[in-house]
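Chain and residue survey
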Amino acid sequence: MSDPIIEAVDKHPAPKGLQYTYGTAGFRTKADVLDSVLTRVGLVAALRSRSLKGKWIGVMITASHNPPEDNGVKLVEPLGNMLQEEWEVLSTEMANKTGGEEVAKFYSDMAAKYNIDLETPARVVVARDTRASGARLLGCVQDGLKAAGAEVKDYGFLTTPQLHYMVRCLNTEGTKDAYGTPTEKGYYEKFGAAFKTALKGKKASGSLTVDCANGVGGPKLTELIKYLPPKEEALEIHVVNDNVIKPEALNVDCGADFVKTNQRAPPSSKTDPNDRCCSLDGDADRVVFYFKDSNNVFRLLDGDRIATLVASFLGDQVRLAGLADSIKIGVVQTAYANGAATQYVEQHLKLKVDCTPTGVKHLHHAAEKLDIGVYFEANGHGTVIFSENTLDTIANYEPKNPGQAEALSVLRACIDLINQSVGDALSDMLLVEVVLAHKSWSTQEWLNTYTDLPNRLLKVTVKDRNVFKTTDAERRLTSPEGLQEKIDKEVQKVRQGRSFARASGTEDAVRVYAEAATKAEAEDLARKVAELVK
Ligand code: 16G
Ligand code: ZN
């Protein structure tokens with residue numbers, strides 16, 4: 001009898017001489033060398049589901065902000081979290097096995113090693129972004145899933161956070177932790193209703209122009225808008241860069257990564273000074289805000305700004321609700337957070353700041369230890385999570401006066417508005433709008449809360465990036481020997497200097513970050529450190 005796993009794997013042979021790694025964002029590379037990986041990911045997803053007694057596991061086919069010719073895939077755990085690290089390693093091993101027989105053997109070895117009963121049902125949810133290669137790669141995953149005998153739900157096109165939402169909803173359906181209805185309509189209804197309640201009748205000033213990176217966020221936002229309160233009462237949204245019919249336009253001269261990296265609006269942008277804008281990335285899990293000020297100068301409100309805005313607002317609401325003694329808020333950042341943002345949170349908001357290595361899973365884990373954990377990377381990736389205890393406290397607290405009742409109601413709506421399974425550009429965007437409406441703030445007032453230290457990010461090509469090893473949340477190098485001391489010396493030469501170098505997890509390069517009191521000093525410091533790294 002022929003083995004369906006061997007057949008499926010041999011139908012999509014691996015290109016010779018390539019090494020695949022399940023990195024910070026799953027497998028990600030040129031789409032035309034991914035077929036074999038996707039079939040094997042199907043097998044791993046089925047095993048992972050069986051190892052969790054048939055819980056739903058998510059498979060998202062996306063390469064986020066990467067160019068149109070790339071693609072990728074990542075696996076989602078039952079509550080919407082990123083794949084467990086041990087399984088990342090197994091996925092990497094599986095992806096690099098040579099042929100069907102080797103893969104089939106590894107599959108049964110894994111089952112034996114982890115005591116996985118292969119008779120247990122396997123349930124897997126799949127979705128993809130709008131890349132041209134998505135349909136073909138979906139077919140490859142399906143072949144793997146079918147060979148492993150998994151039950152499959154294919155949601156077609158979704159944003160990455162929508163897929164995380166579906167996974168969490170499916171696994172909590174009918175329990176006390178039910179997260180929502182596992183349909184697209186359920187997603188829009190949940191977030192639309194929470195937005196309306198959280199606004200408390202307040203109206204956003206002006207309008208919001210949303211650049212969707214010509215990705216899946218475009219059509220999904222257009223759909224979401226139908227579930228928001230009428231624009232005359234709440235928020236007027238203009239959707240731009242939503243052309244998904246032309247997949248080669250994805251992330252090209254637009255989107256969150258373009259705006260953050262180039263520190264400028266998409267060239268196609270036609271907004272006036274002080275118009276509020278934001279950009280999503282290609283799979284809508286990142287968002288950054290920006291505007292042109294009265295002097296036509298581009299002003300960026302990135303993930304650091306979203307974190308400070310949201311942390312200050314939630315802090316106010318917790319205090320107003322009378323819960324300041326029982327609920328502590330903390331902010332989680334990475335080394336890329338601007339020093340001024342860190343200082344603002346610690347000294348002005350008087351909240352604790354934790355720093356973790358780059359990558360959502362690290363921030364998420366640190367945030368899970370807090371009552372309310374606000375975590376954002378500077379690039380706009382992030383969300384807010386509430387601990388079990390905090391959720392109970394907010395759900396059960398009896399308000400002592402109308403002021404407390406109002407704040408409690410806002411907090412409850414925010415809990416629903418924030419996608420707690422993962423950072424979600426659409427949900428984060430609505431949250432920012434709620435906070436600005438409550439504070440009656442323009443983007444200029446939001447910007448005025450603190451002044452960013454001038455900074456510079458450089459990409460350095462090196463012979464072997466693996467020799468760059470870090471400690472202290474990537475802020476210091478332990479290898480190559482002696483390099484950190486040299487960086488320290490350069491840092492001391494400038495005012496308010498800070499700099500670090502780390503190997504990229506997504507590109508074959510080392511990234512150098514530097515900040516200082518003036519632009520000239522920051523640029524100079526970055527250049528000097530880059531020289532040292534070379
Ligand atoms: C991945 C991470 C992102 C991080 C980026 C850093 C996830 C889902 N994505 O895209 O959070 O900012 O890598 O890239 O964790 P780098 O290692 O190349 O600097
Ligand atoms: Zn993304």
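Conventions we followed
Residues numbered from 1 in each chain as written. Chains lettered and ligands numbered in written order. Predicted model: local features only at pLDDT ≥ 70, side-chain atom pairs only at ≥ 80, totals over all residues. Helix = DSSP H or I, 4+ residues; strand = E, 2+ residues; numbered from the N terminus. Rg over C-alpha atoms; globule rule 2.2 N^0.38 Å. Buried ≥ 20, exposed ≤ 12 C-beta atoms within 10 Å, placed from the backbone. Contact = placed C-beta atoms within 7 Å. Near = placed C-beta within 6 Å. Nonpolar A, V, L, I, M, F, W, Y, C, P; charged D, E, K, R; others polar. Domains from an automatic or database assignment. Pairing = 2+ DSSP bridges. Axes fitted to C-alpha atoms, helices over the stretch in contact; angles between N-to-C directions. pLDDT = per-residue confidence, 0-100. UniProt positions renumbered as here; feature names shortened; annotations may be inferred. Core = buried A, V, L, I, M, F, W, Y, C linked by C-beta atoms within 7 Å. Right-handed = clockwise from strand over helix to strand, strands pointing away. Arc of directions from axis to C-beta. Parallel < 35°, antiparallel > 145°, perpendicular 65-115°, else oblique. Left-handed = near helix turned anticlockwise from the far one by under 90°.

Here we look at the overall build of the protein chain
If you tally the helices and strands in the protein chain, you get 18 helices and 19 strands. Relative to the 2.2 N^0.38 estimate, which gives 24 Å for 534 residues, the radius of gyration of the protein chain is 23 Å and therefore close to what a compact globule would have. Over its C-alpha atoms, taken along the principal directions, the protein chain stretches across nearly 70 × 55 × 45 Å. Taking all 534 residues of the protein chain together, 51% fall into the buried category. A separation of at least 24 residues holds for 72% of the contacts in the protein chain among residues at least 6 apart in sequence.

Quick notes on the site of ligand 1
As a structural note, the neighbourhood of ligand 1 is formed by 13 residues, with G359, V360, S504, G505 and T506 the closest of them. Per-class residue counts for the shell around ligand 1 are two nonpolar, eight polar and three charged. Residues from two domains meet in the shell around ligand 1; each of domain 3 (303-447) and domain 4 (455-533) gives at least three.

Focus on the domain arrangement of the protein chain
For the protein chain, the assigned domains read domain 1 (4-157), domain 2 (186-300), domain 3 (303-447) and domain 4 (455-533). Computed over C-alpha atoms only, the centres of domain 1 and domain 4 are separated by 35 Å.

Side note on the pairing of strand β13 (residues 372-376)
The buried fraction of β13 amounts to five of the five residues, a majority that puts the element mostly inside the structure. Burial along β13 is two-sided: the residues I372, V374 and F376 and G373 and Y375 are all buried. Pairing geometry for β13 and strand β14 (residues 382-386), over five bridges, is antiparallel. By the bridge assignment, Y375 is partnered in β14 with T383.

Observations concerning the sheet that holds strand β1 (residues 27-30)
With mixed pairing, the five strands of this open sheet are ordered in space as β1-β3-β2-β4-β5. The sheet is open, and its two borders are formed by β1 and β5 (151-157), each paired with just one other strand. Ignoring strand direction, the axes of neighbouring strands in this sheet form an average angle of 15 degrees. Here strand β4 (residues 123-128) pairs with β5 via five bridges, running parallel. The partner of R123 across the bridge, within β5, is E151.

Some remarks on the confidence of the model for the protein chain
The predicted coordinates ought not to be read in detail in places where the model reports low pLDDT. Looking at the protein chain as a whole, its pLDDT mean stands at 97, while 100% of the residues score no less than 70. Model confidence for the complex: the whole-complex pTM is 0.96, and ipTM, which rates the interface, is 0.98.

Points about the sheet that holds strand β18 (residues 498-503)
Overall, antiparallel pairing links the three strands, which are arranged β15-β19-β18 in an open sheet. Bordering the open sheet on either side are β15 (455-460) and β18, each of which pairs with just one other strand. When the angles between neighbouring strand axes are averaged without regard to direction, this sheet yields 15 degrees. When β18 meets strand β19 (residues 510-515), the two strands line up antiparallel, connected through six bridges. If you follow F500 over to β19, its bridge partner there is Y513.

A word on the UniProt feature "domain: Phosphoacetylglucosamine mutase AMG1" (unreviewed entry) in the protein chain
Here, UniProt's "domain: Phosphoacetylglucosamine mutase AMG1" (unreviewed entry) annotation points to residues 182-288 and 302-441. End-to-end, the C-alpha atoms of residues 182-288 are 27 Å apart, and along that stretch the chain is 30% helix and 16% strand. The span residues 302-441 is 54% helical and 15% strand by assignment, and the distance between its end C-alpha atoms comes to 16 Å.

Remarks on the environment of G380
Locating G380 in the fold gives a position in the loop between β13 and β14. Separated by 274 residues in sequence, G380 and F106 place their C-alpha atoms 38 Å apart. Ignoring anything within four residues of it in the chain, the contact list for G380 reads A256, K260, R286, V287, V288, D302 and G303.

As for the UniProt feature "domain: Alpha-D-phosphohexomutase C-terminal" (unreviewed entry) in the protein chain
Taking the numbering used here, the UniProt-annotated feature "domain: Alpha-D-phosphohexomutase C-terminal" (unreviewed entry) corresponds to residues 459-531. Secondary structure content for residues 459-531 is 32% helix and 29% strand, while the C-alpha to C-alpha distance between its ends is 11 Å.

Some remarks on the nonpolar core
Counting residues in hydrophobic clusters, the biggest one holds 159 residues, and the most contacted among them are V59, V124, V310 and L417. Once residues within four sequence positions are removed from consideration, L417 is found in contact with F191, A194, F195, A198, S427, L430, L431 and V434.

Focus on the pairing of strand β12 (residues 352-356)
With five bridges joining them, strand β11 (residues 329-334) and β12 adopt parallel strand pairing. Among the inter-strand pairings, V332 is bridged to a residue of β12, identified as D354. Note that the unit made of β11, helix α11 (residues 339-348) and β12 has a crossover that is right-handed.

With respect to helix α1 (residues 4-11)
Among the residues of α1, I5, A8 and V9 are the ones counted as buried. Looking down the long axis of α1, one finds its buried residues gathered within 95 degrees of arc, a one-sided arrangement. Looking at the buried positions of α1, the neighbouring elements they touch are α2 (35-51), α4 (100-113) and α5 (134-147).

Things to note about the packing of α2 against α4
Between α2 and α4, the shortest axis-to-axis distance is 11 Å and the interhelical angle comes to 15 degrees. Classified by the interaxial angle, the pair formed by α2 and α4 is roughly parallel. Between α2 and α4 the crossing geometry is right-handed. In this structure, α2 contributes R40, L43 and L47 to the contact, and α4 contributes V103, Y107, M110 and A111.

As for the environment of P182
Here P182 lies in the loop between α6 (160-172) and α7 (184-199). Considered as a pair, P182 and R305 are 123 residues apart in the sequence and their alpha carbons are 32 Å apart. Residues contacting P182, with those up to four places away along its chain left out, are M166, C169, L170 and E173.

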